[in-house]
Every structure is written in C-alpha cells, then in structure tokens.
Amino acid sequence: MMHMTFYWGIKATILFDFWKTDSWLSYILTLLACFAFAAFYQYLEKRRVQFKSLSSTRHPNPPPRSGVSAPLIPKSGTRSAAKAASVLLFGVNAAIGYLLMLAAMSFNGGVFIAIVVGLTVGYLVFRSDDDGADVAAENPCACA
C-alpha cells in the first residue's frame, strides 16, 4: 500500500512499479537521479525563457503587402523557429515538472529533499544570473 504521510526509509516506489528501491545503493542512485532531473528542469526552463525572449524581440518589419501578392502566412524567420522551440520546451518542461511532482508524492522524505535541493541548485547554477529578466515568467511551482 502507498504511504500517505512522509516517511523515512530506503524502500520506496518512484513513479512506476519497476522503479523500486530496496537497498542503500538503489536508494542513493534514485536520490541522485531525482536531484539531476530537478536540476535539468531548471536548465530547460532557462533555455525556454531564452527562446521566448528571442522570439518576442521586435525586428523592423517591411510594410505589409496587399492584394494577390501578399503571403497568406507571413514569414518571420528565426522568430518563428525560436517560438516553436519555446513552445516545445514548455511542453517538455511541463511533463518533467509533473513527473517531479509525482515523484515527490511518493512521500519519501529523501526523495522530496533531493527534488527540492535539485531545483534549488539548478536555479543557482542555471538561472540566478538572469538579473530579473524573466520576472514575468517566474513561477515557484515546479509543474507550471
């Protein structure tokens, strides 16, 4: 049966039935994987914000054409590629965030701490030098 309160111990099931820890080695490897996955989440979030800011930069556009020669969908070059990358990274990041949340919901204290420390270290390494450039994109929830 699954725990519904925090517990401390090396026996845990993380996300899938086949990901069970029953020894110190498997438990430590699981904690390292949760830590790395959480730090990777912050790395992808930084990349997504960079692509989003790249896609939102305004370049002077030529005056719109009218009539038969006007394109149905205007081309925007690197802006559309950056926007597509931003959208793709948002989806991947949302999936990773929800998986981290579900792993934390295993209610194992060590897993929870590994995820929180991984998010914190990932933020420190990858996103602390933003100088507030992405204040509007900040969200303390790992799954958003």
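Residues numbered from 1 in each chain as written. Predicted model: local features only at pLDDT ≥ 70, side-chain atom pairs only at ≥ 80, totals over all residues. Heavy atoms only, no water.

The condition is simple: UniProt positions are given in the numbering used here, feature names are shortened, and annotations may be inferred rather than shown by experiment.
You'll find the protein chain entered in an unreviewed UniProt entry as Copper transport protein, with Raphanus sativus given as the organism. Under the heading Subcellular location (unreviewed entry), UniProt records this for the protein chain: "Membrane".

## Quick notes on the overall build of the protein chain
Put simply, the rule is: Helix and strand definitions follow DSSP, with helices as H or I runs of at least four residues and strands as E runs of at least two, each counted in order from the N terminus. For this analysis, residues touch if any pair of their heavy atoms sits within 4.5 Å. A 1.4 Å probe and the Shrake-Rupley method give the accessible areas. Residues count as covered only by the protein chains that appear here.
A tally of helices and strands in the protein chain yields 3 helices and 2 strands. From first element to last, N terminus to C terminus, the protein chain shows the α and β order β-β-α-α-α. Relative to all contacts within the protein chain whose residues are 6 or more apart in sequence, the contacts with residues 24 or more apart total 75%. Carbon and sulfur atoms form 70% of the exposed surface of the protein chain, whose accessible area is close to 9,800 Å².

## Points about the UniProt feature "transmembrane region" (unreviewed entry) in the protein chain
UniProt feature "transmembrane region" (unreviewed entry): in the numbering of this structure it lies at residues 24-44, 81-101 and 107-126. Within the segment residues 24-44, helix and strand shares are 100% and 0% respectively, and the terminal C-alpha atoms sit 30 Å apart. Between the C-alpha atoms that bound residues 107-126 there is a distance of 27 Å. The span itself is 90% helix and 0% strand.

## Some words on the packing of aromatic side chains
Where we set the bar: Aromatic rings from Phe, Tyr and Trp, with only the six-membered ring used for Trp, were paired whenever their centres fell within 6.5 Å, and each pair was classed as stacked if the ring planes differed by under 30 degrees, edge-to-face if by over 60, and tilted otherwise. Relative accessibility thresholds used throughout: buried, under 20% of the residue-type maximum; exposed, over 50%; partly exposed, between the two (1.4 Å probe, protein chains only).
The final tally for this structure, using the stated rule, is 6 aromatic pairs. Ring centres 5.2 Å apart and planes at 65° place the aromatic pair phenylalanine 6 and phenylalanine 112 in the edge-to-face group. One end of the pair, phenylalanine 6, is in the segment before strand S1 (12-13); the other, phenylalanine 112, is in helix H3 (residues 109-127), and 106 residues separate them in sequence. Look at phenylalanine 112 and you get partly exposed, because its relative accessible area is 35%.

## Some words on a nonpolar patch on the surface
Counted only if it meets this: Each patch is built from salt-bridge-free residues with over 30% relative accessible area, joining like charges within 9 Å and nonpolar side chains (Val, Leu, Ile, Met, Phe, Trp, Tyr) within 5 Å. We count a salt bridge whenever a side-chain nitrogen from Lys or Arg sits within 4 Å of a carboxyl oxygen from Asp or Glu.
A surface patch of nonpolar side chains, about 1,000 Å² in accessible area, is lined by Leu15, Phe16, Phe18, Phe37, Phe40, Tyr43, Tyr98, Leu99, Met101, Leu102 and Met105. Contributing elements (two or more residues each) for the nonpolar patch: helix H1 (24-56) and helix H2 (78-104). Within the secondary structure layout, leucine 102 lies in helix H2.

## Some points on the side chain of glutamine 42
Position of glutamine 42 among the secondary structure elements: in helix H1. By relative accessible area, which is 8% here, glutamine 42 ends up buried. Ignoring sequence-local partners within four residues, the contact set of glutamine 42 consists of Leu119, Gly122, Tyr123, Phe126 and Arg127.

## Notes on the confidence of the model for the protein chain
Basically, it comes down to this: You can read pLDDT as the predictor saying how much it trusts each residue, on a scale of 0 to 100.
For the protein chain, per-residue confidence averages 83 on the pLDDT scale, and 73% of positions sit at 70 or higher. Across the protein chain, the secondary-structure element scoring lowest on mean pLDDT is H2, at 88, and the one scoring highest is H3, at 96.

## Thoughts on the pattern of salt bridges
Within the structure shown, the criterion is met by 2 salt bridges. Close ionic contact of arginine 48 with glutamate 45 constitutes a salt bridge, the shortest N to O distance being 2.6 Å. With arginine 48 and glutamate 45 both in helix H1, this residue pair falls 3 residues apart, about one helical turn. We classify arginine 48 as buried; its relative accessible area is 10%. The partner of lysine 46 in a salt bridge is aspartate 129, with the nearest N and O atoms 3.1 Å apart. With lysine 46 in helix H1 and aspartate 129 in the segment after H3, this pair connects stretches of sequence that are 83 residues apart.

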